[in-house]
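# Coordinate inspection notes
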Amino acid sequence: MCQSATLGRGQHFALEDQQVSGRTEERLSRSSPLQVNSTRPVLSIGDQRLPVAKDSSNTMTRLVLSVVYPILVVTSLSNISLARRSADLYCGACRALVDELDWEISQVDPAKLIETGTYVLGPDGNPVATKVPYARSEMFLIELLERVCEHMEEYGEQTDPNTHRSSYIRVLSRDGGIIDLPNTQSTADITSNLKQACEKLAEEYEEEFIEFFSRESSNVKDQLCSKRTDLCDHALHTHHDEL
């Protein structure tokens, strides 16, 4: 009987302990600061999800937008500006290259001829070698395209004060005199970038340049730089002086 009573008491104490423990766990569960209400709004920043108070969620969102939005706008405008400068550079290089090719060709005696390597039958039935002006020959034009971009060192960048678009124009005359032009600057970076763009175009569009300059053509800058290559599709009426 004693053993049974002791056992009963032990079981009673164990039951009380379990009940006390359960109530304690329940109280701890209700009061634990580590538990996050699933209905609380969450702010996502990258991979982080941070719970915020309901009354501060709108304030936090506005704060983030006030910081991020201007950065996005500035970045977008910067990218547009860079794209525009690149377009102006290659357009200017193409138009300057056309000017320089025109001038170089004009310096060659038009009476100077060269055989093309092809033959036609003459009046007497014998083959006669065909000849073309040396300045319009493929051999001369290829050689010219390899060196003509050196003249880009004699150019400067002119900025339109209204549109802020750039064009490229000679700042040194053919006889070496300095040409003072408004809104124009010439630096080592400007001439280097223009020369590199010129060389790239001379290589990439070699066939097109030879095609246009193997014969006399009018309005070559617009025909070649705008319509054929789309390099100056924004500048069909851009004025470039030929000095």
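Every value quoted in this text rests on a predicted model; they were computed, and no experiment measured them. Residue numbers restart at each chain and count upward from 1, following the sequence in its written direction. Given that the model is predicted, a residue must reach a pLDDT of at least 70 before its local features are reported, and side-chain atom pairs must reach 80 or more before they are shown or counted; all residues, however, enter totals for whole chains, interfaces and linings. Excluded from the side-chain calculations are hydrogens and water; all other atoms, namely the structure's heavy atoms, are used.

### Things to note about the environment of Ile178
Our working rule: Numbering of helices and strands starts at the N terminus; helices are DSSP runs of H or I of at least 4 residues and strands are runs of E of at least 2. Two residues form a contact once any of their heavy atoms are found within 4.5 Å.
Its location among the elements puts Ile178 in the loop between strand S6 (166-170) and strand S7 (184-185). Through-space distance from the C-alpha of Ile178 to that of Glu154 is 9.5 Å; in sequence the pair is 24 residues apart. If we ignore the near neighbours within four places in the chain, the residues touching Ile178 are Val171 and Leu172.

### Digging into helix H4 (residues 188-204)
Every α-helical turn comprises 3.6 residues, leaving residues that sit three or four positions apart pointing alike. Operational definition: Residue count minus one, scaled by 1.5 Å, sets the expected span of a helix. Note on classification: 1.4 Å probe, protein chains only; a residue is buried when its accessible area is under 20% of the maximum for its type, exposed when over 50%, partly exposed between these limits. Comment: arc refers to directions from the helix axis out to C-beta atoms.
With 17 residues, H4 should reach 24 Å at 1.5 Å per residue; the first-to-last C-alpha distance of 24 Å fits that figure. Among the residues of H4, Ile190, Thr191, Leu194, Lys195, Ala197, Cys198, Leu201 and Ala202 are the ones counted as buried. Seen along its axis, H4 keeps its buried residues to an arc of 165 degrees; they face one direction. What points out from H4, more than 90 degrees from its buried face, is the exposed set Ala188, Asp189, Glu203 and Glu204.

### What to know about the packing of aromatic side chains
For the record, the criterion: Each Phe, Tyr or Trp ring (for Trp, its six-membered ring) is paired with any other whose centre lies within 6.5 Å, and the angle between the two planes then decides the class: stacked below 30 degrees, edge-to-face above 60, tilted in between. The rule is short: NZ of Lys or CZ of Arg within 6 Å of the ring centre and within 35 degrees of the ring normal puts a charge over the ring.
Overall, the coordinates contain 1 aromatic pair when judged by the stated rule. Look at Tyr134 and Phe140: their rings are 5.0 Å apart centre to centre, the planes differ by 50 degrees, and that puts the pair in the tilted class. Overall, Phe140 belongs to the buried group, its relative accessible area being 6%. A cation over an aromatic ring shows up here: Lys112 above the ring of Tyr134, its NZ or CZ 4.2 Å from the ring centre.

### Concerning the pairing of strand S3 (residues 113-121)
Heads up, the rule is: Here a strand pair is declared whenever DSSP counts at least two bridges between the two strands.
Summarising the sheet, S3 and strand S4 (residues 127-133) pair through 6 bridges and their orientation is antiparallel. Bridging across to S4, Leu121 finds its partner in Pro127. Linking two consecutive strands that pair antiparallel, namely S3 and S4, is a turn of 5 residues; a positive phi of about 90 degrees is found at Gly125 within it.

### Brief notes about the state of the cysteines
Threshold: We call a pair of cysteine sulfur atoms a disulfide when they lie within 2.5 Å.
Following the criterion strictly, the structure yields 3 disulfides and no others. There is a disulfide in this structure between Cys91 and Cys232, and the S-S distance comes to 2.0 Å. Looking along the S-S bond of the Cys91-Cys232 disulfide, the torsion reads about 115 degrees, which is the right-handed sense. In this pair, Cys91 sits in helix H2 (residues 54-106) while Cys232 sits in the segment after helix H6 (220-228), placing the two residues 141 residues apart along the sequence. Of the two residues, Cys91 and Cys232, both sit in the buried class.

### Quick notes on the packing of helix H5 (residues 206-213) against H6
Quick reminder of the rule: Note on method: axes are straight lines fitted to C-alpha atoms, helices fitted across the in-contact stretch only, with angles between N-to-C directions ranging 0 to 180 degrees. Our angle categories are set so that under 35 degrees counts as roughly parallel, over 145 as roughly antiparallel, 65 to 115 as roughly perpendicular, and the remainder as oblique. Definitions for this section: a left-handed crossing has its near helix turned counterclockwise from the far helix by less than a right angle. A right-handed crossing has that turn clockwise.
In contact at an axis separation of 11 Å, H5 and H6 are set at 150 degrees when each is read in the N-to-C sense. Overall, the two elements H5 and H6 adopt an arrangement that is roughly antiparallel. Relative to H6, the crossing made by H5 is right-handed. Contacts from Glu208, Phe209, Glu211, Phe212 and Phe213 in H5 reach Val220, Gln223, Leu224 and Arg228 in H6.

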